[in-house]
Each structure stands twice: as structure tokens, then as C-alpha cells.
Amino acid sequence: QVQLVESGGGSVQVGGSMRLSCAASGSIFAAMAWYRQAPGKQRELVATITVTQRPNYADSVKGRFTISRDNAKNTVTLQMDSLKPEDTAVYYCNARVLRETTTYWGQGTQVTVSS
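A brief look at the structure comes next.

## Points about the sheet that holds strand β8 (residues 75–80)
Link 1 in the chain: An order of β1-β3-β8-β7 is seen for the four strands of this open sheet, with the pairing classed as antiparallel. The sheet terminates laterally at β1 (3–7) and β7 (65–70), the two strands that pair on one side only. On average, each strand axis in the sheet is tilted by 15° relative to the strand beside it, whichever way the strands run.
Link 2 in the chain: With five bridges joining them, β1 and strand β3 (residues 18–25) adopt antiparallel strand pairing. By the bridge assignment, S7 is partnered in β3 with S21.

What follows is the structure in C-alpha cells.
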């Protein structure tokens, strides 16, 4: 059974930093990613990382967020720096099983950036 369990999140002031982690289990994963959903908005892609450690970022977070993964531990991490109020959202971990099209989601973790 595939499970994605997120940790981290909480409240931080503008300009601060926060680290989100996601522990995946139950399979071997190809691409892993972080998405976010702000109130009243659609869920959007924040960053992805391939099994070969190639990252890709949304324009809105480039230069501020860093995605990384540990394939041995099946974890993906999102380091968020220089946070802005518009980064406030529920952040979701996402992972696609290797050689499959099925993707799985974590339960989400709230990130609130206040001025």
C-alpha cells in the first residue's frame, strides 16, 4: 500500500524559512513533487524532481525553494526560503510509481506566511 506522509509546515514570518518533508512507502517512485493550494485557488505545481535528481520549479518559487530527494530513504524535501505571504497554502506531496501512471498524494500540510 502506497503512503505519503508529510511533515513540517506551520507559521512563519515574511522572509523566513521552512522545510517540508515527505516520506513515501509501499513502492518505488519515479517523479516526486510538491504542489500547493491556496484558499479559493486551484492546486498548482511548485516543484518536481526526477529519480535522477533533476529538479524543476514553478517560476513563482525559482531561486527561493529547493527540492531534493533521497532515493534510498524514499523521501522528498522542500526547503523554502525568503517566504512571502503569497506562499501561504496547503502543500501536498505527490509521487508517481515507477513505470506506472498512477500518482499518489499526501494528506497536505498548512504553510502560513504572515507579515
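## Regarding the state of the cysteines
Link 1 in the chain: Enumeration according to the criterion identifies one disulfide in this entry.
Link 2 in the chain: Each sulfur in the disulfide pair C22 and C93 lies 2.1 Å from the other. Note on the C22 and C93 pair: the S-S dihedral is about -80°, so by sign convention the disulfide is left-handed. With C22 in strand β3 and C93 in strand β9 (residues 89–97), this pair connects stretches of sequence that are 71 residues apart. When sorted by exposure, C22 lands in the same class as C93, which is buried.

## Considerations on the packing of aromatic side chains
Link 1 in the chain: As enumerated under the stated definition, the model contains two aromatic pairs in all.
Link 2 in the chain: Their ring planes at 65° and their centres at 4.9 Å tell us that Y35 and W105 sit as a pair that is edge-to-face. Note that Y35 is positioned in strand β4 (residues 29–37) and W105 in strand β10 (residues 103–105), a separation of 70 residues in sequence.
Link 3 in the chain: Overall, the relative accessible area of 37% leaves W105 in the partly exposed class.
Link 4 in the chain: For the ring pair Y92 and W105, a centre distance of 6.3 Å and an interplane angle of 85° mean the geometry is edge-to-face. With Y92 in strand β9 and W105 in strand β10, this residue pair connects regions lying 13 residues apart in the sequence.
Link 5 in the chain: When its relative accessible area of 14% is taken as the criterion, Y92 is described as buried.
Link 6 in the chain: By the ring-pair criterion, three or more aromatic residues cluster together here, those being Y35, Y92 and W105.
Link 7 in the chain: Positioned above the aromatic ring of Y92, the side-chain terminus of R43 is 3.7 Å from the ring centre.

## Considering the nonpolar core
Link 1 in the chain: Ranked by internal contacts, the top residues of the largest apolar core, which has 30 residues, are W34, L78, M80 and Y91.
Link 2 in the chain: Broken down by element, this core gets its largest block of residues, five residues, from β9.

Criteria and thresholds
- Residues numbered from 1 in each chain as written.
- Predicted model: local features only at pLDDT ≥ 70, side-chain atom pairs only at ≥ 80, totals over all residues.
- Heavy atoms only, no water.
- Pairing = 2+ DSSP bridges.
- Helix = DSSP H or I, 4+ residues; strand = E, 2+ residues; numbered from the N terminus.
- Axes fitted to C-alpha atoms, helices over the stretch in contact; angles between N-to-C directions.
- Disulfide = S-S within 2.5 Å.
- Buried < 20%, exposed > 50% of the residue type's maximum accessible area, 1.4 Å probe, protein only.
- Phe/Tyr/Trp six-rings, centres within 6.5 Å; stacked < 30°, edge-to-face > 60°.
- Lys NZ or Arg CZ within 6 Å of the ring centre and 35° of its normal.
- Core = buried A, V, L, I, M, F, W, Y, C linked by side-chain atoms within 4.5 Å.

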